[in-house]
Amino acid sequence: MIIHTKPNASTTDVNRLAKATKSILFHNGEHNVLVTPSKMQSPPDGFSEIIDQAWPMTSDLQLGSKSYKDQTREIKLGDISIGGNTKNTIVIAGPCSVESESQIRESAVFMQKMGITALRGGCYKPRTSPYSFQGMGLDGLKLLSKMREEFGFTIVSEVRDATHVHHVIEHADVIQVGAKSMYDHGILRACAKTQKPVLIKRGFGTTLQEFAQAAEFVLSGGNPNVMLCERGIRTFETKTRFTLDLCGVAWLKENTNLPIILDPSHALGYRYGISDLSKACVAMGIDGLLVEVHPNPAEAKSDAAQQLYHEQFSKLLNDIRPVADAVCRKIV
Ligand code: PEP
Ligand code: MN
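Everything quoted here is computed from the prediction, not taken from an experiment.

**Focus: the packing of helix 2 (residues 101-113) against helix 3 (residues 138-151)**
- Packing of helix 2 against helix 3 brings their axes to within 10 Å, and their N-to-C directions diverge by 35°. The element helix 2 and its partner helix 3 pack so that their crossing is right-handed. Across the interface between the two elements, Glu101, Ile104, Arg105, Ala108, Val109 and Gln112 of helix 2 pack against Leu143, Leu144, Lys146, Met147, Glu150 and Phe151 of helix 3.
- Considered class by class, the residues forming the contact of helix 2 with helix 3 number 7 nonpolar, 1 polar and 4 charged.

Right under this line is the structure:
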């Protein structure tokens, strides 16, 4: 259950209520918000004077649920908002990894020409082998900061462990929590302590309930700016890298109030079908699309098979626009 207390409730009474309900308590700028374990269906006796509103819940998908807020949260990514009443579908694009100044600059120049405002690039790469390129770390983040200053991009970059969340917060505008990191409570709790938007990617063996609950760690820590990113789950199929779970997307849209971003690149794992998949994603009326693009994919140090050549990405943008029009969405 979620409880909002009245503005005139005393701190002592609010704390008593939090204790009596075993709640997580935070202030959302307007109200004290208490989140009880979801089993609790009504507030305890003796507190009605200080309670403004209460929402019983059916599961631990609480702050992120449609039962709490029936409209998708509006989140600002630089000058662009997604969710709320906006109907915007933001395209987040760029290389898998930041590899060098010339590579990220070439990407930045191209993305600006394409009208893209959100540039992605990983600096702490969660690789499946310790012998693969692990990312440029802080040096890469500084290059992204430079691109932000020169071109005005909103920078999206990922964290791999809690010890460098502060670096990503400093140099990026959106913190990406990777599919392999989304169970790391150290990372999630660190992301809760900032107001920067957090993009949580679904683990490839993660149920929708677990995915939504990962977001609750950030939301209940006081950061309301959380987006969910479906990037493919593991199935029996081996011809594609993962399986993009569009049924899951339908569930998330129906049951959560969090903007939904889709990542066809990591799902398919190969360049050839990314444009088609992107059309399918946009047709679902999503809030954002995340696509990996590299100036020279054949030489990429990570995810070489799936990153698009610049001309492929340019074509993709043309391909998705009529689909966005058809579902009354605007590509931004
Ligand atoms: C990435 O975005 O480059 C990445 C590593 O994604 P994921 O965490 O979804 O594998
Ligand atoms: Mn990648």
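**Re the pairing of strand 9 (residues 154-159)**
- Summarising burial for strand 9: 6 of the 6 residues are buried, a large majority.
- Of the pairings in the sheet, the one linking strand 8 (residues 118-120) to strand 9 comprises 3 bridges and is parallel in character. Bridging from a neighbouring strand, leucine 119 pairs with isoleucine 155 of strand 9.
- Taken together, strand 8, helix 3 and strand 9 constitute a β-α-β crossover, and its handedness is right-handed.
- In this structure, strand 9 lies alongside strand 10 (residues 174-177), joined through 4 bridges in parallel fashion. Opposite valine 159, over in strand 10, you have valine 177 as the bridge partner.
- The handedness of the strand 9 to strand 10 crossover, carried by helix 4 (residues 165-171), is right-handed.

**Observations regarding the site of ligand 1**
- Around ligand 1, a shell composed of Cys96, Arg120, Lys125, Glu158, Gln176, Gly178, Ala179, Lys201, Arg231, His266 and Glu292 is seen.
- For ligand 1, an oxygen atom lies 2.8 Å from a polar atom in the backbone of alanine 179.
- Note that an oxygen atom of ligand 1 is positioned 2.6 Å from one of the side-chain N or O atoms of arginine 231.
- For the shell around ligand 1, the residue count by class is 2 nonpolar, 3 polar and 6 charged.

**Some words on the coordination of the manganese ion (ligand 2)**
- Coordination sphere of the manganese ion (ligand 2), protein contribution only: Cys96 (SG), His266 (NE2), Glu292 (OE) and Asp303 (OD), at 2.0 to 2.3 Å.
- Mapped onto the sequence, the residues coordinating the manganese ion (ligand 2) show the spacing C-x169-H-x25-E-x10-D. Taken together, the residues span a long stretch of sequence, with glutamate 292 in strand 14 (residues 288-292) and aspartate 303 in the loop between strand 14 and helix 10 (310-326) at a distance of 11 residues. Each member of the pair, glutamate 292 as well as aspartate 303, is classed as buried.

**Describing the sheet that holds strand 1 (residues 2-5)**
- The antiparallel open sheet is built from 4 strands, whose spatial order is 2-3-1-4. In this open sheet, the two edge strands, each paired with only one partner strand, are strand 2 (24-27) and strand 4 (51-55). Averaged over neighbouring strand pairs, the angle between their axes works out to 20° when direction is ignored.
- When strand 1 meets strand 3 (residues 32-35), the two strands line up antiparallel, connected through 3 bridges. Residue histidine 4 lies in a different strand from strand 3, and its bridge partner there is valine 33.
- Across the face of the sheet, helix 1 (residues 11-21) comes into contact with strand 1, strand 2, strand 3 and strand 4 while running at roughly 10° to strand 3.

**Description of the pairing of strand 11 (residues 198-201)**
- Because side chains alternate across strand 11, one face comprises the buried residues Val198 and Ile200, and the other comprises Leu199 and Lys201, equally buried.
- Two strands pair when backbone bridges link them, and strand 10 and strand 11 are joined in this way by 3 bridges, in the parallel orientation. Bridging across to strand 11, isoleucine 175 finds its partner in valine 198.
- Handedness of the crossover joining strand 10 and strand 11 through helix 5 (residues 185-192) is recorded here as right-handed.
- Strand direction decides the pairing type here: strand 11 and strand 12 (residues 226-230), joined by 4 bridges, are parallel.

Cut-offs and rules
Residues numbered from 1 in each chain as written. Chains lettered and ligands numbered in written order. Predicted model: local features only at pLDDT ≥ 70, side-chain atom pairs only at ≥ 80, totals over all residues. Heavy atoms only, no water. Axes fitted to C-alpha atoms, helices over the stretch in contact; angles between N-to-C directions. Helix = DSSP H or I, 4+ residues; strand = E, 2+ residues; numbered from the N terminus. Left-handed = near helix turned anticlockwise from the far one by under 90°. Contact = heavy atoms within 4.5 Å. Nonpolar A, V, L, I, M, F, W, Y, C, P; charged D, E, K, R; others polar. Buried < 20%, exposed > 50% of the residue type's maximum accessible area, 1.4 Å probe, protein only. Pairing = 2+ DSSP bridges. Right-handed = clockwise from strand over helix to strand, strands pointing away. Near = heavy atom within 4 Å. Polar contact = N/O pair within 3.5 Å; in protein donor to acceptor, adjacent residues only side chain to side chain. Donors = N, O, S within 2.8 Å, 3.2 Å for Na, K, Ca; no water.

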